[in-house]
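Structural characterization, general
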Amino acid sequence: MTPLELWYPFHQPARDPAPIRIVRGEGAYLYTDDGRRLVDGISSWWTNLHGHNHPRIMAAIAEQTRRLDHVLLAGFTHEPVEKLAAGLGRVLPPNLTRIFFSDDGSTAVEVALKMAVQFWHNTGRPAKRRIVALENGYHGDTVGAMSVGDDSVFNEAFGSMLFPVERAHSAYCYQCPVGKKRESCRIDCADHLNEILERGHDEIAAVIVEPLLQGAGGMIVHPIEFLQKVREACSRWDVLLIADEVFTGFGRTGRMFACQHAGVEPELMCLSKGITGGVMALGATAATERIYQAFVGAEPDRTFYHGHSFTGNPLACAAANASLEIFETEPVFERIAASEAIHRERLAALRGHPAVGDTRQLGTIAAVEVATPDAGYTSSVKTSLYRFFLDKGILLRPLGNVVYLVPPYIIPPDELHRAWDAIAEALHSVLRM
Ligand SMILES: Cc1ncc(COP(=O)(O)O)c(C=O)c1O
């Protein structure tokens with residue numbers, strides 16, 4: 001019998017280096033089986049918050065394994081999931097009163113989209129079933145999540161199976177969609193969304209956005225006013241706002257949730273990645289009471305018929321509860337501020353560099369858009385930069401020509417500086433390519 005070979009995600013065996021075997025994680029570091037230590041500069045796909053193998057989270061999971069591994073959440077409940085609902089209630093915007101658990105970021109998005117469409121169905125306006133999303137958006141790899149994500153090499157093969165979505169401009173100031181300069185613009189790009197809603201609000205259920213920061217689309221940071229204008233347009237035209245905080249949630253942007261920078265409250269919010277401190281798979285969709293109440297009633301088609309086998313898994317909830325306790329007992333936001341300050345200083349030093357097209361930052365997320373003729377996810381600089389950083393003992397996975405840092409909050413300042421030194425050095429080599 002031949003053993004099964006692994007099929008790795010986002011991996012092209014004809015081009016990409018062989019996967020690196022990791023045997024241990026601790027703090028900001030990953031240790032390889034050949035004795036190397038890598039700095040996890042991207043928090044293992046933006047998930048890890050408090051460092052790998054944080055003792056409190058690991059102990060909480062171990063403790064939970066002694067009591068209850070798993071139980072379905074249909075008709076049953078348990079203490080870790082109830083505790084997590086209470087804990088999230090203390091940090092989420094106050095208009096969000098209900099929380100629905102799933103497995104990951106993509107399912108958190110699928111749930112939000114389905115809730116939005118069924119909300120209007122249940123409230124007697126079934127024609128409101130279309131979704132509006134933003135250019136450069138990314139919301140996951142399942143079919144609904146791909147549909148709302150912008151066209152890209154990721155979803156090119158599946159065009160025929162995606163549902164149609166109207167796409168509004170995003171505030172990508174470096175390549176302004178309406179040809180303005182940030183210094184003098186009045187967030188004119190947001191008018192496009194308003195026009196779409198004015199024209200189609202009778203048929204539009206929801207607008208979905210990654211608030212303030214579009215991650216996989218290239219770490220695009222939006223002005224706060226853009227999100228405020230999105231909120232205003234949704235309220236004006238009676239359309240639900242879905243905030244996909246899968247990446248931006250849990251402190252990444254310097255506030256617990258990105259929406260809070262703008263004082264914006266969405267009707268639905270998607271969470272995952274950092275919810276468990278980045279340790280276990282868990283997704284969640286938070287909703288307002290108005291949305292939840294539309295699903296309550298004796299008619300058979302009122303119910304939200306959606307649930308995944310591992311919805312609200314007790315081990316994942318135990319990890320998430322421990323992560324929230326870390327927020328309450330450790331100086332998490334001081335750590336975030338320390339990384340933020342280093343990013344700011346190092347990005348300022350790179351501005352004007354001939355290989356730098358744009359620099360962007362929000363909280364612990366910092367990005368450099370390298371000026372190359374082949375900009376985009378498939379840019380030729382991607383793989384060479386990835387290898388360059390690995391040789392220096394730093395895990396960074398450029399999004400095409402966008403090099404970014406999203407470190408765990410506990411990254412030691414000298415390690416963060418070392419990562420920036422490597423980026424500065426890499427930019428010199430880009431010039432020589
Ligand atoms: C904003 C956003 N939404 C959804 C997802 C999908 O999450 P997952 O990979 O856990 O399915 C991602 C993943 O990167 C994301 O950045």
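Residues numbered from 1 in each chain as written. Predicted model: local features only at pLDDT ≥ 70, side-chain atom pairs only at ≥ 80, totals over all residues. Heavy atoms only, no water.

**Side note on the domain arrangement of the protein**
Per the domain assignment, the segments making up the protein are domain 1 (59-329) and domain 2 (332-432). Each of domain 1 and domain 2 was reduced to a C-alpha centroid, and the two centroids are 27 Å apart. Of the residues lining the interface, 23 residues belong to domain 1; the matching set on domain 2 comes to 22 residues. Looking at the side of domain 1 facing domain 2, the largest losses of area belong to Y174, M219 and R252, adding up to 37% of the total buried there. Scanning the region where domain 1 abuts domain 2 turns up zero salt bridges. For the interface between domain 1 and domain 2, the tally reads seven residue pairs in polar contact (both at pLDDT 80 or more). Mapped by element, the contributors of at least two residues to the side of domain 1 that touches domain 2 are β9 (220-221) and α9 (314-329). (Domains from an automatic or database assignment. Contact = heavy atoms within 4.5 Å. Buried area = accessible area lost by both parts, 1.4 Å probe. Salt bridge = Lys/Arg side-chain N within 4 Å of Asp/Glu carboxyl O. Polar contact = N/O pair within 3.5 Å; in protein donor to acceptor, adjacent residues only side chain to side chain. Helix = DSSP H or I, 4+ residues; strand = E, 2+ residues; numbered from the N terminus.)

**As for the pattern of salt bridges**
Going through the model one piece at a time under the given rule, you end up with 29 salt bridges. With a shortest N-O distance of 3.4 Å, R56 and E325 are connected by a salt bridge. With R56 in helix α2 (residues 55-65) and E325 in helix α9, this residue pair connects regions lying 269 residues apart in the sequence. Its relative accessible area of 24% is what places E325 among the partly exposed residues. Among the salt bridges present, the one from R98 reaches E289, with a minimum N-O distance of 3.0 Å. (Buried < 20%, exposed > 50% of the residue type's maximum accessible area, 1.4 Å probe, protein only.)

**Observations regarding the sheet that holds strand β2 (residues 29-32)**
Across the sheet, which stays open at both edges, the four strands sit in the order β1-β2-β3-β15 with mixed pairing between neighbours. Two strands bound the open sheet, and with one partner strand each, they are β1 (22-26) and β15 (394-395). Two elements, β2 and strand β3 (residues 37-40), share three bridges in a ladder whose sense is antiparallel. Paired with L30 across the two strands is L38, which belongs to β3. (Pairing = 2+ DSSP bridges.)

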